[in-house]
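One letter stands for each residue in the lines below.
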Amino acid sequence: MAKTGKDYFGWNRVLSIILAIIPITALILGFVTRLTEGKIVAALLRIILGWNIIWIIDLILMIVNGRIMRLINI
């Protein structure tokens, strides 16, 4: 699949928003997305902190611009 610059593997935006609404899929897909970018520390922080404010921010950002939050690039 060609990389389109959007998160969740370049999937359709509506599908990505639906997946972001479900907390467990948002956590897993956010973790995998950060791992595929090579950002191991950011992926681990998503697992540790992903059940609270990061999930809400990711949901809002996915609706607004189709991308998840990138707080740390390590």
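Before going into details, it helps to say that this report is about the structure given with it. (Residues numbered from 1 in each chain as written. Predicted model: local features only at pLDDT ≥ 70, side-chain atom pairs only at ≥ 80, totals over all residues. Heavy atoms only, no water.)

## Comments concerning the packing of helix H1 (residues 13-21) against helix H2 (residues 23-36)
Next up, step 1: Where H1 contacts H2, the axes come no closer than 5 Å and their chain directions differ by 110°. By the angle between their axes, H1 is roughly perpendicular relative to H2. Residues Leu19, Ala20 and Ile21 of H1 pack against Pro23, Thr25, Ala26 and Leu29 of H2.
Next up, step 2: A breakdown of the residues in the contact of H1 with H2 according to their chemical character gives six nonpolar, one polar and no charged. (Axes fitted to C-alpha atoms, helices over the stretch in contact; angles between N-to-C directions. Helix = DSSP H or I, 4+ residues; strand = E, 2+ residues; numbered from the N terminus. Parallel < 35°, antiparallel > 145°, perpendicular 65-115°, else oblique. Contact = heavy atoms within 4.5 Å. Nonpolar A, V, L, I, M, F, W, Y, C, P; charged D, E, K, R; others polar.)

## Concerning the nonpolar core
Next up, step 1: Tyr8, Ile17, Leu19, Ala20, Ala26, Leu29, Leu59, Met62 and Ile68 together form the largest nonpolar core, which totals nine residues.
Next up, step 2: For this core, the secondary structure elements donating two or more residues are H1, H2 and helix H4 (53-65).
Next up, step 3: With sequence-adjacent residues up to four places away left out, Ala20 is seen in contact with Tyr8, Ala26, Trp55, Leu59 and Met62. (Core = buried A, V, L, I, M, F, W, Y, C linked by side-chain atoms within 4.5 Å. Buried < 20%, exposed > 50% of the residue type's maximum accessible area, 1.4 Å probe, protein only.)

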